[in-house]
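This is what each chain is made of:
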Amino acid sequence: MPVGIFRVSLLVLTAIINHPLLFPKENGTVPEDSQGTIQKMKEREETLRLEQLRLEQEIAEQEAIQVALEKAAKVVEESEEEKVRWDMWTALSMVIFLLIELWRQDFQEGIWQDTGGEEDDMAVLGKVFKGVAFPDKAVLASFYEKRILGTTGDMARMREMVEGFADDLLEALRSVCNRDTDMEVEDCMGVGSMYENWRVRKPFVCDLIVPFAPPEPYCFRSQIWCSGDSFPPDEQGYGTIKVCRADEAVTGCICDKTKLGEDMLCLLHSQANTTRPSSEMEDLLCFKTTQYLDADQVMKWFQIAVTKAWNRISHKYEFDLSFSLLDSPGALKIKFRSGKSIAFNLTPVVQYENSDVYFISHFPRSSLAADLPSSTHWFLTFAVYERRFIQLVSKTLPANACHVSCLQILSFIHGKQCSLTGPSGLTNYHLKTVMLHLLQARPSQDWAPEKLEARLQDMLKFLEKCLHEKKLYHFFIGNRKVPAELSFPIIFQSAEPLNLFRPFVLQRDVYRKTVDTFHEMLRNMTTLINEYTVHIPLVQTNGIHKESF
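Predicted model only: the values in this text are computed from it and were never measured.

Reading guide: rules and limits
- Residues numbered from 1 in each chain as written.
- Predicted model: local features only at pLDDT ≥ 70, side-chain atom pairs only at ≥ 80, totals over all residues.
- Heavy atoms only, no water.
- Helix = DSSP H or I, 4+ residues; strand = E, 2+ residues; numbered from the N terminus.
- Buried < 20%, exposed > 50% of the residue type's maximum accessible area, 1.4 Å probe, protein only.
- Contact = heavy atoms within 4.5 Å.
- Areas by Shrake-Rupley, 256 points an atom, 1.4 Å probe, with all protein chains shown as cover.
- 1 Å grid on protein atoms, 1.4 Å probe; cavity = no way out; pocket = protein on both sides within 12 Å on 5 of 7 lines; lining within 4 Å.
- Points joined across faces, edges and corners; volume = space filled by probe spheres on them.
- Nonpolar A, V, L, I, M, F, W, Y, C, P; charged D, E, K, R; others polar.
- Pairing = 2+ DSSP bridges.
- Polar contact = N/O pair within 3.5 Å; in protein donor to acceptor, adjacent residues only side chain to side chain.
- Phe/Tyr/Trp six-rings, centres within 6.5 Å; stacked < 30°, edge-to-face > 60°.
- Lys NZ or Arg CZ within 6 Å of the ring centre and 35° of its normal.

A. Structural detail: the overall build of the protein. Counting its regular elements, the protein contains 14 helices and 12 strands. Relative to its full complement of 549 residues, the protein shows a buried share of 40%. Contacts spanning at least 24 positions in sequence make up 72% of the contacts within the protein whose residues lie at least 6 apart. Counting only carbon and sulfur atoms, one obtains 56% of the accessible surface of the protein, whose full area is about 32,500 Å².

Here it is in structure tokens:
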């Protein structure tokens, strides 16, 4: 039985192994449907190959784009790094510049137009002036007595005559003006060299300022360069004046700045309390359609008002009155029938708040004066405080102190030199500013009359130093040492110092002319003084002049 089962199994196994469909022979024939399958497989293989090529191309393009993006990002990163480095250098440079500027301001504040009492603190005159003789005490005393001292009485008589006539003229001006629409004129005040007693050169000219105010219900609101708002460098020392209603808030109502519409009404301002239209603002001497006071309009109004006032009172006087300068509103000249004449300035001004600082409509022109950007900019004058400071300091000085004498001599010599070589950038106001600085810096006993020669040399040395540095600071602006007795406004004391010689930086020709004139004046000083006084031989020691540069 087992053997039979083995045989049957062997037979079946042999049949299966030899079946033609399971193991076809090598030379056997493939069915037709297998050929179609192979063709489809080849087509599929070709499709896959093409798809692989397309994918490889897309991958290559993506890689190229990625490389380009990486390069662009690298360039941007490098430029950003370069920009950051440049910004860092720029910021560092700005910080260094600011530190230098702060140090300079602190240094200036610390020395405040340093005028130390020691000779080493003064500027040393140039080598070109070594050996130039300086007038000694005897020559200066004789010159002052013969040439300058005698003019004091003439100035006093002229001041009295001009002030009396100006008061009468202003009273007539008030009578011809409309009190409801015209400006209100106050009493005049005398300022300048004639009232500080140091005017020496003829013709004598009295400077009078006339404060004026707008009619009710209007008032003036001023804005100055050091009030916090930014002003360009060429507008330092100036301000603007706005004409407002007295009951108007400082910032103004929104109804003045926006159109509310016909069906809307401001609850603060009724129709009876509205601001005047632009045509009436022009009647208030404002610039065109603005609320800012126009200096040119003020000039025209003042000249017309003065002319009307003179027509009213001219029958009382035996002389003629006329305007001597077209570009100055109050430059007046009295002409007597004998041919003699007296000139004086009657200039309208606006008071700054409750102080004695004034906005002046037209300032005397000089070679350093620059044209204002518009007629709404007003120059500030501190003439009243300057006069008060001189009077205050004079009380502490020795009898017959030489401070005014020094200024008179220097002003006289400078004027004579300018008449020979032409005008320069230096003015009498610059000379007075030098004296004010030295008055504050030096002890009272240094101004004794016997020290006239030394103090005059100090003024010349200090002036040369300022010319060399192109820096002469205004005495009051930025000066924190102003005596409290003057009640000087704090806003000006805390302001940045104002350089009166700043125009020299921009006007090189004027600066060169000014320096040359100053040097020529030093060379000619002894000659000019001797020419106008009795000659007194200079005291000499061993053939060398006692006092020389």
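B. Examining the layout of surface pockets more closely. Of the volumes computed, that of the second largest pocket is approximately 540 Å³. The set of elements that each furnish at least two residues to the lining of the second largest pocket consists of helix H3 (137–148), helix H4 (151–176), helix H5 (193–196), helix H8 (383–394), helix H9 (403–421) and helix H11 (452–469). Across the lining of the second largest pocket, the residue classes break down as 14 nonpolar, 8 polar and 5 charged.

C. Region of the structure containing the environment of Pro489. Along the chain, Pro489 falls in the loop between H11 and helix H12 (490–493). When sequence neighbours within four positions are dropped, the list of residues in contact with Pro489 reads Ser355, Val357 and Tyr385.

D. Looking closely at the pairing of strand S7 (residues 331–336). The sheet contact formed by strand S6 (residues 319–323) and S7 spans 5 bridges and is antiparallel. Counterpart to Phe323 in the pairing with S7 is Leu332. Bridge count between S7 and strand S8 (residues 341–351): 5 bridges; the pairing is antiparallel. Each bridged residue has a counterpart across the sheet, and for Lys333 the counterpart in S8 is Ala343.

E. How the structure looks around the side chain of His474. Following the sequence through the fold, His474 ends up in the loop between H11 and H12. Judged by relative accessible area, His474 falls into the buried class, the value being 5%. Here Tyr429 takes part through its side chain, which lies 3.1 Å from a polar atom of the side chain of His474. Among the polar contacts listed, one links the side chain of His474 to the backbone nitrogen of Ile477, at a separation of 3.4 Å.

F. Broad picture of the packing of aromatic side chains. Counted by the stated rule, this structure contains 28 aromatic pairs. Ring centres 6.1 Å apart and planes at 85 degrees place the aromatic pair Phe165 and Phe344 in the edge-to-face group. With Phe165 in helix H4 and Phe344 in strand S8, this pair connects stretches of sequence that are 179 residues apart. Judged by relative accessible area, which is 0%, Phe344 ranks as buried. Each ring, one from Tyr385 and one from Phe488, has its centre 5.1 Å from the other, and the planes form 90 degrees; the classification is edge-to-face. Of this pair, Tyr385 sits in helix H8 while Phe488 sits in the loop between H11 and H12, and the two are 103 residues apart along the sequence. In this structure, Tyr385 and Phe488 share a single accessibility class: buried. Among the aromatic residues, those joined into a cluster by ring pairs are Trp225, Tyr352, Phe359, Phe382, Tyr385, Phe389, Phe475, Phe476, Phe488 and Phe492. For Arg159, the ring lying beneath its charged end belongs to Tyr195, and the centroid distance is 5.8 Å. It is Arg245 that lies over the ring of Tyr218; its NZ or CZ is 5.8 Å from the centre.

Honestly, that's just the spatial picture; any functional story needs more than this.
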